Amino acid sequence: MARIELVDLAHAYWTHARPAEYALKPMTTTWRQGGAYALLGPSGCGKTTLLNIISGLVTPSQGQVLFDGVDVTNLPTERRNIAQVFQFPVVYDTMTVFENLAFPLRNRGLDSRAVDARVREIAGLLDLTPDLNRRARGLGADAKQKISLGRGLVRPDVAAVLFDEPLTVIDPALKWELRSKLKALHRALDVTMIYVTHDQTEALTFADTVVLMHDGGIVQAGRPDELYDRPRHTFVGHFIGSPGMNVLPAAVDGLVARVGDARISLARPYAPPKAGSKVEIGIRPDHLRLAASGGHAAKLERIEDLGRVRYARLLFEGHRLSALVPEGEPPPTGPEVRLAFDAARIHVYADNLLVGEP
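Residues numbered from 1 in each chain as written. Predicted model: local features only at pLDDT ≥ 70, side-chain atom pairs only at ≥ 80, totals over all residues. Heavy atoms only, no water.

Caption draft 1: Representation of the pairing of strand 1 (residues 4-11) in the model. Among the eight residues that make up strand 1, six are buried, leaving the element largely enclosed by the rest of the structure. Bridge count for strand 1 against strand 4 (residues 62-67) is five bridges, and the pairing is antiparallel. For isoleucine 4, the partnering residue across the bridge sits in strand 4 and is phenylalanine 67. (Buried < 20%, exposed > 50% of the residue type's maximum accessible area, 1.4 Å probe, protein only. Helix = DSSP H or I, 4+ residues; strand = E, 2+ residues; numbered from the N terminus. Pairing = 2+ DSSP bridges.)

Caption draft 2: Region of interest: the environment of glycine 222. Assignment of secondary structure puts glycine 222 in strand 10 (residues 217-222). In this structure glycine 222 comes out as buried when scored by relative accessible area, which is 8%. Spatially, the C-alpha atom of glycine 222 lies 6.7 Å from that of valine 211, the residues being eleven residues apart in sequence. Those residues in contact with glycine 222, other than ones at most four positions away along the chain, are Asp208, Thr209, Val210 and Leu227. (Contact = heavy atoms within 4.5 Å.)

Caption draft 3: Representation of the nonpolar core in the model. By size, the foremost hydrophobic cluster in this structure holds 47 residues, and its most contacted members are Val119, Ile147, Val161, Phe163, Met193 and Leu212. At five residues, helix 2 (residues 97-107) tops the list of elements feeding residues into this core. Residues in contact with isoleucine 147, not counting those within four places in the same chain, are Val91, Val97, Asn100, Leu101, Leu128, Ala136 and Leu139. Core analysis: the next-biggest nonpolar cluster, separate from the first, contains 27 residues, Leu290, Ala298, Leu300 and Ala312 among them. (Core = buried A, V, L, I, M, F, W, Y, C linked by side-chain atoms within 4.5 Å.)

Caption draft 4: Structural detail: the packing of helix 4 (residues 141-153) against helix 5 (residues 172-189). Between helix 4 and helix 5, the shortest axis-to-axis distance is 12 Å and the interhelical angle comes to 15°. Relative to helix 5, the element helix 4 is oriented roughly parallel. Regarding helix 4 and helix 5, the two cross each other, and that crossing is right-handed. Residue-level inspection shows Asp142, Lys146, Leu149 and Leu153 of helix 4 in contact with helix 5, the latter providing Leu174, Glu177, Leu178, Leu182, Leu185 and Leu189. Considered class by class, the residues forming the contact of helix 4 with helix 5 number seven nonpolar, no polar and three charged. (Axes fitted to C-alpha atoms, helices over the stretch in contact; angles between N-to-C directions. Parallel < 35°, antiparallel > 145°, perpendicular 65-115°, else oblique. Left-handed = near helix turned anticlockwise from the far one by under 90°. Nonpolar A, V, L, I, M, F, W, Y, C, P; charged D, E, K, R; others polar.)

Caption draft 5: Highlighting the packing of aromatic side chains. Evaluation of the coordinates by the stated rule reveals seven aromatic pairs. Here phenylalanine 163 and phenylalanine 206 contribute two aromatic rings whose centre-to-centre distance is 6.5 Å and whose plane-to-plane angle is 75°, an arrangement assigned as edge-to-face. Of this pair, phenylalanine 163 sits in strand 7 (residues 160-164) while phenylalanine 206 sits in helix 6 (residues 200-206), placing them 43 residues apart in sequence. The same class applies to phenylalanine 163 and to phenylalanine 206, which are both buried. Joined through ring pairs, the aromatic side chains of Phe163, Tyr195 and Phe206 make up one cluster. (Phe/Tyr/Trp six-rings, centres within 6.5 Å; stacked < 30°, edge-to-face > 60°.)

Caption draft 6: Representation of the sheet that holds strand 3 (residues 36-40) within the structure. Within the open sheet, the six strands sit side by side as 6-7-8-3-9-10. Their pairing is mixed. Edge positions in the sheet fall to strand 6 (82-85) and strand 10, since each has one partner strand and no second. Averaged over neighbouring strand pairs, the angle between their axes works out to 15° when direction is ignored. Bridge count between strand 7 and strand 8 (residues 193-197): four bridges; the pairing is parallel. The residue bridging aspartate 164 from the neighbouring strand is valine 196, located in strand 8. In this fold helix 4 packs onto strand 6, strand 7 and strand 8, with an angle of close to 170° to the strand it touches most, strand 6.

Read these as geometric descriptors, not functional statements.
In structure tokens form, the structure reads like this:
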């Protein structure tokens, strides 16, 4: 197990690239020993590049990778003592499940009793015990990916386990089970895990710390509830949550935000922004209330019934937004409705960054 530090790390895939063309913008961050991390972001944001730099498959253009304070930037993958689980299962079809799991241990010269004990421990955690004597060839994709996961976890001395979208080929009905299994494995084994995904559900259910990436940089890292409740960048608000945070252009001064002709009360005063700044307010759909009276006028466009919850899609001062329809309340019939903002839940942004954050 290891603490992983990235120091002034950046990467471009060709020489003489301009800063704006870097696949990874300069970053310095630390991944604590034993943490469960999710590298989350849309396709092309740099998360797989970052994972491959940590694993040693890619050498960064600048900066250092440290494992427990030791510079491993130029060390090959096999000398970093990490395990990597890829999108598609990597198994030996002609071997049994037991032999697949035992392979990394036998390569390191462990005696047969130690191999047997460790394989059975990991097989038990992954519910593979009934299949230990079966050849991998006859198993489904989900079982093969469990074997691939097991091979990454079976080494007791591994510094970190890196997962690159490991559930992509898994049947959707089994994804929840495997996500829960990974979480249980992390608690049981206390090993550093870094999990790459573009699926926020996977990230939020697996990780203690979510690292959200955008355009080659880390825009926010923290607990899932921190990213949801206090997004430090408008991209975080848009990306986390379904639907995402409502973001509206506004003029903010003191205790008031003006959106079009509407004057919305804020929970605390804000100084006027610098001239030329792009100012916006953000609020989650869950923190907007459809009021019987008072509030602000809005036009109801439609109700989206998602089964568990319903959302009203509204037009407010020329901007589209979403508001949660509380459970047990009849949906509005419109077309005119009243909308109340929870002042304590409104965030103010200048040039996409949360105002008041360090």
